[in-house]
Amino acid sequence: MARSRSGTRGRRGPRKPQRRDSAAVAAAVQVAEPRERGAIELPLTITVKELADLLDVNPADVIRELIKSGIFATINQLIDRDTASLVASELGYEVAEPTVAAGTASGNGEVEAPVSQAVKEVLFEEDKAEDLQPRAPIVTVMGHVDHGKTSLLDAIRTTDVAAGERGGITQHIGASEVIKDDRRVVFLDTPGHEAFTAMRARGAKVTDIAVVVVAADDGVMPQTLEAIDHARAAKVPIVIALNKIDKPDANVDRVKNELAEAGVVIEEYGGDVPLVPVSARTRTGLDDLLEVTLLVADLQELKANPKRSAVGTIVEAQLDKGRGPVATALVQTGTLRVGDIIVVGSTFGRVRALENDKGKRVTKAGPSTAAVVLGLADVPEAGDILRVVTGEKEARAMVEQRKAAESARAGEAGGRATLEDLYRQIQAGQTKELRIILKADVSGSLGAITHALDALSTDEVRINVIHEGAGDITDNDILLAAASDAIVVGFNTKLVDTARRTAESEGVDVRLYEIIYKLTDDIDAALKGLLEPEVVEAVEGRAEVRQVFRVGKNTVIAGCYVTEGHIIRGGARVWRGGKVIATDRIESLRRFRDDVREVAANLECGIGLANFNDLAEGDVIECFTTQTISRAATG
């Protein structure tokens, strides 16, 4: 089975070379012809399927338009009126103005006026070709730890200043601007691909180009592969910056071959991915890197309309004791001005002040410009979309509408992809792609599991492993799954605590297996619509062994301190050195001399296991409960 290039590393041979020219980019853009029918009316919230029925189109067409905007939705997921209007417009439909009845009730019971026509034009109307102007590319630098991401950015800034080029460089507000040949390049200073993907999971697409840094002396590493997978999942062009070429043990050819094995075929090998040798230490190749970045940007024909009201994305935000909520916004189109009324996620306000990347007060910020925004009522979240509206009344109505939509979504069971969703969609006769994030204990297991999953693909469902790797399931895996609407499958590995909490909050389906055939049987059953009842496990609490008491020859009581949750009788695992050394059950649980049913966090207790007696100080006893849930679809 050949996997999609946009969502997998494609380990089965090099990809077919593609020409990167402007004609190909232009040919990829298709404009829907206007529908010969009246304007349609949309409710405050609507599911993807209901919208497809209303527009008389295939649900896949609606999902495709949502993906273009960076929104990965399932067929039963709720979307708000703003998003639905955008999809309808892209499919060639005219959307009717909301009536007063469709307005939002305020706290005092009055119905707020709906979003005005002026606001609607800002959000959904196409810009005229004569109003579009070239804009600076927005670049995110990613790669493996210690491969020189920060050093490379610092070198680019220092080189630019030393060369005396106009404009200068500043690192101030989460973004850096570099001037090359009188053209700006905007570098986002993010912590890495985790932040990149977290923003994309919220529907924000702020990056035009991903520069993946690879150390010439170290080669392609796990985080290198993750960065590549994340960029591909977001359909962002990749530029490889081969760093540290000045080191004696640098092996450029080895790195090129490792990239090819990972499915990244560079231009030298007939592929479409540029590779630029650089050295952050000696400042070699930095001009070449900027020139290639600008070339890739030119092929995308990046343009924006500076005359319209601003639309942007929040890069970072915090509460400043002296200035209140402070947000760094990256303006993507339009011009943001002091005094504008803005809606950002679930909050709004009037722009009281703007600061540029040099920390100086400015009156406006145009496309591809980062600016600190003061004046919001609350602190927004990274990835929230900023939009300028015509007045506070409209802003308040939009915020209330979004809060209502969020509440409706929260009422759903997550909204992310699960095997149960797949079962229901197959029963409904819909074609579906199952995306999987695969983690295993060792790399050797990955090939066997991937081959087994490939064999399960059918005409109805195609399995797409968009990322695979060895090691524990981390927050980054969960965020990528949330952004790509994938499930996470682990083999002989564990879900770290923070990742478990992230999976719960994001509604990501995580499946853990210890036997390959159980893994493949479960997914095969889902593909065929024959899911057996699922045994769901819930971790109730953890306790650290502080002291061990031996009572008789075969009985051991562990004096413990409950560090998380609560301890109850039932299933238990013993962790030592990050690994499970025993699975048993808690047979006795005491507080002082009394038998108790449970012990809460931050309390001491005595725990006796049924069979395992080889406990030691420092062990962690994790108790869990299981519940059998039917997974058969209803209706």
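Conventions we followed
Residues numbered from 1 in each chain as written. Predicted model: local features only at pLDDT ≥ 70, side-chain atom pairs only at ≥ 80, totals over all residues. Heavy atoms only, no water. Helix = DSSP H or I, 4+ residues; strand = E, 2+ residues; numbered from the N terminus. Buried < 20%, exposed > 50% of the residue type's maximum accessible area, 1.4 Å probe, protein only. Contact = heavy atoms within 4.5 Å. Areas by Shrake-Rupley, 256 points an atom, 1.4 Å probe, with all protein chains shown as cover. Phe/Tyr/Trp six-rings, centres within 6.5 Å; stacked < 30°, edge-to-face > 60°. Lys NZ or Arg CZ within 6 Å of the ring centre and 35° of its normal. Pairing = 2+ DSSP bridges. Axes fitted to C-alpha atoms, helices over the stretch in contact; angles between N-to-C directions. Salt bridge = Lys/Arg side-chain N within 4 Å of Asp/Glu carboxyl O. Disulfide = S-S within 2.5 Å. Arc of directions from axis to C-beta. Left-handed = near helix turned anticlockwise from the far one by under 90°. Nonpolar A, V, L, I, M, F, W, Y, C, P; charged D, E, K, R; others polar. Parallel < 35°, antiparallel > 145°, perpendicular 65-115°, else oblique. Core = buried A, V, L, I, M, F, W, Y, C linked by side-chain atoms within 4.5 Å. Polar contact = N/O pair within 3.5 Å; in protein donor to acceptor, adjacent residues only side chain to side chain. pLDDT = per-residue confidence, 0-100.

Engineer: What exactly am I supposed to notice about the overall build of the chain here?
Structural biologist: Helix and strand counts for the chain come out as 16 helices and 31 strands. A burial count over the chain gives 52% of its 635 residues as buried. Sequence-distant contacts, at least 24 apart, represent 72% of the contacts inside the chain between residues at least 6 apart. Total accessible area computed for the chain in this model is approximately 29300 Å², and 49% of it derives from carbon and sulfur atoms.

Engineer: I'm lost on the packing of aromatic side chains in this one. Help?
Structural biologist: Two aromatic rings are characterised by how far apart their centres lie and by the angle between their planes. Inspection of every chain in the model, using the stated rule, returns 0 aromatic pairs. One cation-aromatic arrangement involves Arg573 over Phe624; the distance from NZ or CZ to the ring centre is 4.3 Å.

Engineer: Whenever I open this one, the sheet that holds strand β8 (residues 238–243) confuses me. Can you help?
Structural biologist: Within a sheet, each strand pairs with its neighbour through backbone hydrogen bonds, oriented either parallel or antiparallel. Pairing within the open sheet is mixed, and its 6 strands lie in the order β5-β6-β4-β7-β8-β9. Where the open sheet ends on each side, the last strands, each with one partner, are β5 (175–180) and β9 (275–277). Recorded for the sheet is a direction-independent mean angle of 30 degrees between the axes of neighbouring strands. Two elements, β5 and strand β6 (residues 183–188), share 6 bridges in a ladder whose sense is antiparallel. Pairing of Ile179 across the sheet is with Arg184, part of β6. Across the sheet, helix α8 (residues 222–233) is in contact with β4 (138–143), β7 (209–215) and β8; its angle to β7 comes to roughly 170 degrees. Here helix α10 (residues 286–300) sits on the sheet and contacts β4, β5, β6, β7, β8 and β9; the angle it forms with β6, its principal contact strand, is near 95 degrees.

Engineer: Looking at this structure, how should I read the environment of Ser588?
Structural biologist: Inspection of the secondary structure puts Ser588 in strand β27 (residues 579–591). Overall, the relative accessible area of 24% leaves Ser588 in the partly exposed class. In this structure the C-alpha to C-alpha distance between Ser588 and Gly570, which are 18 residues apart in sequence, comes to 9.5 Å. With residues up to four places along the chain from it excluded, the contact list for Ser588 reads Ile557, Arg569, Gly606, Ile607 and Gly608.

Engineer: Quick question: what am I supposed to make of the pattern of salt bridges here?
Structural biologist: A side chain of one charge can pair with a side chain of the opposite charge if their charged atoms are brought near each other. Inspection of the entire model under this criterion finds 30 salt bridges. We note a salt bridge from Glu355 to Arg361, for which the minimum N-O separation is 3.6 Å. Arg361 sits in the exposed class, given a relative accessible area of 57%.

Engineer: Which parts of the structure should I look at to understand the state of the cysteines?
Structural biologist: Think of a disulfide as a covalent bridge from one cysteine sulfur atom to another cysteine sulfur atom. A complete count under the given rule lists 0 disulfides for this structure. Summary of cysteine pairing: Cys560 is not part of a disulfide, and the nearest cysteine sulfur, belonging to Cys605, is at 5.2 Å. A relative accessible area of 8% means that Cys605 is categorised as buried.

Engineer: Quick question: what am I supposed to make of helix α9 (residues 252–261) here?
Structural biologist: Within an α-helix, residues lying three or four positions from one another point in the same direction, as the helix has 3.6 residues per turn. Along α9, the positions that sit buried rather than exposed are Val255, Lys256 and Leu259. Buried residues in α9, looked at end-on, bunch into an arc of 100 degrees, giving them a common side. Close packing links the buried residues of α9 with β7, α8, β8 and β9. Gly263 sits one or two residues past α9 and shows a positive phi near 90 degrees.

Engineer: Would you mind showing me how to read the packing of helix α2 (residues 48–55) against helix α3 (residues 59–68) here?
Structural biologist: What describes two packed helices is the angle between their axes and the distance between those same axes. The N-to-C vectors of α2 and α3 enclose an angle of 115 degrees; their axes lie 8 Å apart at closest approach. For the crossing formed where α2 meets α3, the hand is right-handed. The residues of α3 that touch α2, namely those facing Val48, Leu51 and Ala52, are Pro59, Val62, Ile63 and Leu66. Each residue belonging to the contact of α2 with α3 can be placed in one class, and the counts come to 7 nonpolar, no polar and no charged.

Engineer: How do you make sense of the packing of α8 against helix α14 (residues 475–484) when you look at a structure like this?
Structural biologist: Relative to each other, α8 and α14 sit at 15 degrees, their axes nearing to 11 Å. By the angle between their axes, α8 is roughly parallel relative to α14. The two elements α8 and α14 meet at a crossing, and its hand is left-handed. For the pair α8 and α14, contact is made by Glu226, His230 and Ala233 and by Asn476, Asp477, Leu480 and Ser484, respectively.

Engineer: Is there a simple way to explain unusual backbone geometry in this structure?
Structural biologist: Apart from glycine, the bulk of residues carry a negative phi angle, and the bulk of peptide bonds sit in the trans form. For Lys244, which is not a glycine, the phi torsion comes out positive at approximately 65 degrees. Locating Lys244 in the fold gives a position in the loop between β8 and α9. The phi dihedral of Ser368 is positive, around 55 degrees, even though this residue is not glycine. Mapped onto the fold, Ser368 is located in the loop between β17 (364–365) and β18 (369–376).

Engineer: Where do I start with the nonpolar core in this structure?
Structural biologist: Burial of nonpolar side chains together is a common tendency in soluble globular proteins. The biggest cluster of nonpolar side chains holds 25 residues, and the ones touching the most others in it are Leu152, Ile156, Phe187, Val239, Ala241, Val278 and Leu289. Of all the secondary-structure elements, those providing two or more residues to this core are β4, α6 (149–162), β6, β7, β8 and α10. Sorting elements by how many residues they give to this core places α10 first, with 7 residues.

Engineer: When you look at the side chain of Thr335 in this model, what are you seeing that I'm missing?
Structural biologist: Looking at the element boundaries, Thr335 is found in the loop between β12 (324–333) and β13 (336–337). We classify Thr335 as buried; its relative accessible area is 7%. Within the structure, Thr335 has its side chain in polar contact with the backbone oxygen of Pro306 (distance 2.5 Å). Apart from residues no more than four positions distant in its own chain, Thr335 is found in contact with Pro306, Arg308, Ser309, Ala310, Asp340, Lys364, Ala365, Gly366 and Pro367.

Engineer: Looking at this structure, I do not really get the pairing of β18. What am I missing?
Structural biologist: Side-chain direction in a regular strand flips from residue to residue, so the side chains alternate between the two faces of the sheet. With respect to burial, β18 is a largely interior element, 8 of its 8 residues being buried. Pairing geometry for β12 and β18, over 6 bridges, is antiparallel. In the sheet register, Val331 faces β18, and the bridge partner there is Thr369.

Engineer: Hey, could you run me through α2 in this one?
Structural biologist: All of the buried residues in α2 are Val48, Leu51, Ala52 and Leu55. One side of α2 holds all its buried residues, which, seen down the axis, span an arc of 100 degrees. Following α2 by one or two positions, Asp56 has its phi on the positive side, about 60 degrees.

Engineer: It is not clear to me how the pairing of strand β11 (residues 311–320) should be interpreted in this structure. Could you clarify?
Structural biologist: By the bridge criterion, 9 bridges tie β11 to β12 in an arrangement that is antiparallel. From the neighbouring strand, Gly312 faces β12, where its bridge partner is Val331. Here β11 folds back onto β12, and the loop between the two strands holds 3 residues. In this structure, β11 lies alongside strand β19 (residues 385–389), joined through 3 bridges in antiparallel fashion. When the bridges of β19 are listed, Gly312 appears paired with Leu386.

Engineer: How should I be thinking about the confidence of the model for the chain in this particular structure?
Structural biologist: In regions of low pLDDT, the predicted coordinates are not meant to be interpreted in detail. Averaged over every residue, the pLDDT of the chain is 76; the share at 70 or more is 75%. The model gives residues 1–36 a pLDDT under 50, and that stretch makes 76 contacts with residues more than four places away or in other chains. pLDDT under 50 marks residues 159–173. Its contacts with residues more than four places away, or in other chains, come to 43 contacts.

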